[in-house]
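The primary structure of each chain is shown beneath.
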Amino acid sequence: MNESITATQEQAVEMELTEAEEQIDASSEPSAADEELQQLQEALIEARVKLALLMCGAAKSKLAEGEKLAAGFVAAGASPEEAAETAVQSYPHLKLTEREVPVFAAATSGKSDGFAAIRGIFAKR
């Protein structure tokens, strides 16, 4: 009789272990909420990288390129702010460059301004 109880107990223990393993396997699979959380975290990091790039002086037209470069630094373990700063320092073409716009001025009065002849033509009509 002891042997039959022992065999029954072994079967019960084996069933419990199998159920526990199934629960562990089921819990290791990502749920929809976990996937959504992961997507939100990635979007937050992306937004932080964009903001940090702008704060470091990156040009808006180069923002997508800077984002890709900074993503590599983030994957290596840097914070989004550090990654953006490193990207802008390492790749200076990302920086916003201010150019002076030339100003052309012509005197609008008198006969020597270059437009006097044109004004004279239309003034006679």
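Counting starts from 1 at the beginning of each chain's written sequence and moves along it residue by residue. Totals for whole chains, interfaces and linings use all residues, but because this is a predicted model, local features are given only for residues with pLDDT of at least 70 and pairs of side-chain atoms are given and counted only at 80 or more. As a rule here, side-chain values come from all non-hydrogen atoms in the structure, and water together with hydrogens is ignored.

Digging into the overall build of the protein
Argument step 1. Regarding its fold elements, the protein presents five helices and zero strands.
Argument step 2. In DSSP terms, a helix is any run of H or I states spanning at least four residues, a strand is any run of E spanning at least two, and both are numbered starting from the N terminus. Counting from the amino terminus, the protein carries its helices and strands in the arrangement α-α-α-α-α.
Argument step 3. Out of the 125 residues in the protein, the part that is buried amounts to 13%.
Argument step 4. Contacts are assigned to residue pairs with any non-hydrogen atoms lying within 4.5 Å of each other. Nonlocal contacts in the protein, meaning residues at least 24 apart in sequence, comprise 49% of its contacts between residues at least 6 apart.
Argument step 5. Throughout, the Shrake-Rupley method with a 1.4 Å probe supplies accessible areas, and for residues the shown protein chains are the sole cover considered. For the protein, the exposed surface amounts to about 10,400 Å²; the carbon and sulfur share of it is 57%. Burial classes: relative accessible area under 20% of the type maximum marks a residue as buried, over 50% as exposed, and values in between as partly exposed (1.4 Å probe, protein chains only).

Concerning the side chain of Glu67
Argument step 1. Tracing the sequence through the fold places Glu67 in helix 3 (residues 63-75).
Argument step 2. Here Glu67 occupies a buried position and makes no salt bridge, while the nearest side chain of opposite charge, Lys50, is found at 4.1 Å. Here Asp and Glu are counted as negative and Lys and Arg as positive; His is not counted, and neither are the chain ends. Every case where a carboxyl oxygen of Asp or Glu lies within 4 Å of a side-chain nitrogen of Lys or Arg is listed as a salt bridge.

As for the nonpolar core
Argument step 1. Buried residues of nine kinds, namely Ala, Val, Leu, Ile, Met, Phe, Trp, Tyr and Cys, make up a nonpolar core once their side-chain atoms join them within 4.5 Å. With ten residues, the main nonpolar core is built from Val49, Ala52, Leu53, Ala58, Leu63, Ala70, Ala83, Ala84, Ala87 and Val88.
Argument step 2. The dominant element in this core, judged by the number of residues it contributes, is helix 4 (residues 80-90), at four residues.
Argument step 3. In contact with Ala52, not counting residues within four places along its chain, are Pro80, Glu81 and Ala84.

A word on the environment of Leu44
Argument step 1. Mapped onto the fold, Leu44 is located in helix 2 (residues 32-55).
Argument step 2. Of the residues examined, Leu44 reaches a relative accessible area of 52% and is grouped as exposed.
Argument step 3. The spacing of Leu44 and Pro80 is 36 residues in sequence and 9.8 Å in space, taken between C-alpha atoms.

Comments concerning the confidence of the model for the protein
Argument step 1. Across the protein, the average pLDDT comes to 81, with 79% of residues at 70 or higher.
Argument step 2. The weakest mean pLDDT in the protein belongs to helix 1 (residues 2-28) at 70; the strongest belongs to helix 4 at 93. Known as pLDDT, the predictor's per-residue confidence is scaled from 0 to 100.

Regarding the pattern of salt bridges
As a working rule, side chains carrying opposite charge can pair if their charged atoms are close by.
Argument step 1. On inspection of all chains with the given rule, the structure shows two salt bridges.
Argument step 2. Where Glu46 meets Lys50, a salt bridge forms, and the shortest distance between an N and an O atom there is 3.9 Å. Of this pair, Glu46 and Lys50 are both found in helix 2, four residues apart, which corresponds to roughly one turn of the helix.
Argument step 3. The exposure class of Glu46 is partly exposed, given its relative accessible area of 38%.

Structural notes on the packing of helix 2 against helix 4
Argument step 1. Angles here are taken between N-to-C directions and fall from 0 to 180 degrees, while the axes themselves are lines fitted to C-alpha atoms, restricted in helices to the stretch in contact. Running from amino to carboxyl end, helix 2 crosses helix 4 at an angle of 45°, the nearest separation of the two axes being 8 Å. When the axis of helix 2 is compared with that of helix 4, the two are oblique. As for the relative orientation of helix 2 and helix 4, their crossing is right-handed in sense. Contact residues: Ile45, Arg48, Val49, Ala52 and Leu53 in helix 2; Pro80, Glu81, Ala84 and Val88 in helix 4.
Argument step 2. In the contact of helix 2 with helix 4, the residues fall into seven nonpolar, no polar and two charged. Here the word oblique covers every angle except those under 35 degrees (roughly parallel), over 145 (roughly antiparallel) and from 65 to 115 (roughly perpendicular). Two helices crossing with the near one rotated counterclockwise from the far one by less than a right angle form a left-handed crossing, whereas a clockwise rotation gives a right-handed crossing. The residue classification treats Ala, Val, Leu, Ile, Met, Phe, Trp, Tyr, Cys and Pro as nonpolar and Asp, Glu, Lys and Arg as charged. All others, Gly included, are polar.

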